[in-house]
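# Descriptive structure summary
One letter stands for each residue in the lines below.
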Amino acid sequence: MANVTMDKIVSLCKRRGFIFQSSEIYGGLNGAYDYGPMGVQLKNNIRDMWWKEMTQLHDGIVGLDASILMHPRVWEASGHVSNFTDPMVDCKQCKSRFRADQIDLEAPCPVCGTRGSFTTPRNFNLMFATHIGADVDAASTIYLRPETAQGIYVDFKNVVSSSRVKIPFGIAQVGKSFRNEITTKNFIFRSCEFEQMEMQFFCKPGTDEKWFPYWREQRMKFYVDKLGIVADHLRWHQHGPDELAFYAKDAYDIQFLFPMGWQELEGVHSRTDYDLTQHQKFSGKDQTYLDPETNERYIPYVVETSAGLTRNVLMVMSDAYEEQELEGGDVRTVLHFHPAIAPVTVAVLPLVKKDGLAEFASKLEHELREDFATDYDQSGAIGRRYRRQDEIGTPYCVTVDYDTLQDNTVTLRFRDSMEQERVKISDLVERIKKATKEYKRV
Ligand code: ATP
């Protein structure tokens, strides 16, 4: 990702169908984005990788899909109604809006340069309010959830009583969250509608001391080993006393080196029994856990891993992006996605359209669909077609040529090294699976 700028990412995302601005033909809507054919596949692949990691590869983690609309008391209990605010200021001169904690109020307005033009900071609640039912009044006010975690907490007892989970166990959920963000710059980094991948791990008070470092290690490993992110582009940031929520025991963020600098990607937080205790207080319903072996009753402690899925997409795009100068001065734009998350895994290309090569290649592409996400491209010079695939991060191109018709072999071309290998069609699927398993970012 050397020298990658956000403008380059935005432009590639639009050009190749990863991400579009929402409602673009109407001038767009701030903080809302559409994921195009390539983008939705990439996002789904990251989500599926996370889901498998959590619910399949770890012991005792079950899934949940809670609704976006919840009882408004949930957000009173969680503290979001009273505390989920950002201080906001406006420039009286140019009407630009800023988060007061992100700018120096003594300095001139960063947009128009006027000095002393800011309004006094006002607290602004980030939750989107709407109404349920026909009456539009205070009693019908509900919120679009600003995080997925609360859905997990309020279903804690349902999960315990309906499945065979025993503490320690976790509940994982992926879904949309909404925040009326004051500043939405930096593309999809901070949007008003976004997706989160959260896992709340319930454990016996005291054992959080063991689980907290465990989950920190697991989450970092996931990004490097599974998503193939360059390890040097990730780091930890521990919350200082001024950042730490009053109920939290400890909190770390995984930060990624985005084009605009180091920023949070995921939070791993030790939240104690705060959330369940609050829900017990506000709902009047018992939230304790009875240990079937020791007969002890307690409200479990929670270690939370909370990642942005859409923010993960931005990380993966920026980490993968490279413009390489080739011999002869040509520049190729290539996305070094880990093959396991690339939107297209294999592209099949006939060297030429005639003499039955196109038919052969198209048939082969159909056969490969059983195992891989494929693409077929027969138009233009072969070099141009390789470039097109490089630009969407396709790790493998399979070229069908005249020899193929004689001996049932094809050329397998690797995206990162651009090396080519002659492979028997009967070995192709296994060869690609092996290369994916052994993939190392260079
Ligand atoms: P910030 O301080 O940057 O507003 P936060 O610390 O409030 O974020 P959390 O509430 O911990 O964020 O949310 C967990 C994760 O959800 C974040 O690490 C981020 O990846 C993602 N996330 C939060 N807000 C947004 C947003 N507006 N757009 C995209 N992703 C978001």
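Residues numbered from 1 in each chain as written. Predicted model: local features only at pLDDT ≥ 70, side-chain atom pairs only at ≥ 80, totals over all residues. Heavy atoms only, no water.

Next up on the list: the sheet that holds strand β6 (residues 122-125). With antiparallel pairing, the three strands of this open sheet are ordered in space as β5-β4-β6. Strand pairing shows two members of the sheet lacking a second neighbour, β5 (97-99) and β6, which therefore form its edges. Neighbour-to-neighbour, the strand axes of this sheet turn through a mean angle of 45°, independent of strand direction. As judged from the four bridges shared by strand β4 (residues 85-90) and β6, these two strands associate in the antiparallel manner. Residue Met88 lies in a different strand from β6, and its bridge partner there is Arg122. (Pairing = 2+ DSSP bridges. Helix = DSSP H or I, 4+ residues; strand = E, 2+ residues; numbered from the N terminus. Axes fitted to C-alpha atoms, helices over the stretch in contact; angles between N-to-C directions.)

What follows deals with the nonpolar core. By size, the foremost hydrophobic cluster in this structure holds 55 residues, and its most contacted members are Phe18, Tyr223, Leu227, Met315 and Met317. When residues no more than four places from it in sequence are discounted, the contact partners of Met317 are Ile9, Leu12, Cys13, Phe18, Leu42, Leu335 and Phe337. Membership of the second largest hydrophobic core comes to 18 residues, among which are Val346, Phe372, Ile425 and Ile432. (Core = buried A, V, L, I, M, F, W, Y, C linked by side-chain atoms within 4.5 Å. Buried < 20%, exposed > 50% of the residue type's maximum accessible area, 1.4 Å probe, protein only. Contact = heavy atoms within 4.5 Å.)

All right, on to the pairing of strand β19 (residues 346-350) then. Of all five residues making up β19, five are buried, and the element is well covered by its neighbours. In the sheet, β19 pairs with strand β20 (residues 374-376) via three bridges, with the strands oriented parallel. Along β20, the bridge assignment pairs Val348 with Tyr376. In this fold, β19 hands off to helix α10 (residues 357-368), which returns the chain to β20; that crossover is right-handed. Inspection of the sheet shows β19 paired to strand β21 (residues 396-400) by five bridges, in the parallel sense. (Right-handed = clockwise from strand over helix to strand, strands pointing away.)

Once that is clear, we can look at the sheet that holds strand β23 (residues 420-424). Whenever strands of a sheet pair, they do so through backbone hydrogen bonds, lying parallel or antiparallel. Strands sit in the order β20-β19-β21-β22-β23 across an open sheet of five strands; the sheet is mixed. Looking at which strands have only one partner, the edges of the open sheet turn out to be β20 and β23. For this sheet, the mean angle separating the axes of adjacent strands, direction not counted, is 25°. Together, β19, β20, β21 and β22 (409-414) form the strand contacts of α10, whose direction differs from that of β19 by roughly 165°. Each of β19, β20, β21, β22 and β23 is contacted by helix α11 (residues 382-391), which is oriented at about 170° to β19, the strand it contacts most.

What follows concerns the domain arrangement of the protein. Reports of interface size often rely on the accessible area that becomes lost once the parts have come together. Considered domain by domain, the protein is made up of domain 1 (46-68 + 146-317) and domain 2 (344-437). The C-alpha centroid of domain 2 is placed 40 Å from the C-alpha centroid of domain 1. (Domains from an automatic or database assignment.)

Right, let's talk about the site of the ligand for a bit. What surrounds the ligand is a group of 13 residues, the closest being Glu181, Arg190, Ser191, Glu264 and Leu265. One nitrogen or oxygen atom from the side chain of Arg179 is found 2.8 Å from an oxygen atom belonging to the ligand. A distance of 3.2 Å separates an oxygen atom of the ligand from a polar atom in the side chain of Gln196. When the ligand sits alone it has 600 Å² of accessible area, and the protein chains cover 83% of it. Elements that contribute at least two residues to the shell around the ligand include exactly β10 (193-203), β13 (261-272) and β16 (301-308). With three residues, the top contributor of residues to the shell around the ligand is β13. The residue makeup of the shell around the ligand, split by class, is three nonpolar, four polar and six charged. (Near = heavy atom within 4 Å. Polar contact = N/O pair within 3.5 Å; in protein donor to acceptor, adjacent residues only side chain to side chain. Areas by Shrake-Rupley, 256 points an atom, 1.4 Å probe, with all protein chains shown as cover. Nonpolar A, V, L, I, M, F, W, Y, C, P; charged D, E, K, R; others polar.)

Once that is clear, we can look at α10. The end-to-end C-alpha distance of α10 is 16 Å, a good match for the 16 Å that twelve residues give at a rise of 1.5 Å each. The set of residues buried in α10 consists of Leu357, Ala358, Ala361, Leu364, Glu365 and Leu368. Looking straight down α10, one finds that the buried residues subtend no more than 130° of arc, so they occupy a single side. For α10, the exposed residues lying more than 90 degrees away from the buried face are Glu359 and Lys363. (Expected span 1.5 Å × (residues − 1). Arc of directions from axis to C-beta.)

With that out of the way, let us pick up the packing of helix α1 (residues 6-15) against helix α9 (residues 309-320). Between α1 and α9, the shortest axis-to-axis distance is 10 Å and the interhelical angle comes to 105°. The angle between the axes of α1 and α9 places the two elements in the roughly perpendicular class. Contacts between α1 and α9 pair Met6, Ile9, Leu12 and Cys13 from the former with Leu314, Met317 and Ser318 from the latter. Here the residues of the contact of α1 with α9 sort into six nonpolar, one polar and no charged. (Parallel < 35°, antiparallel > 145°, perpendicular 65-115°, else oblique.)

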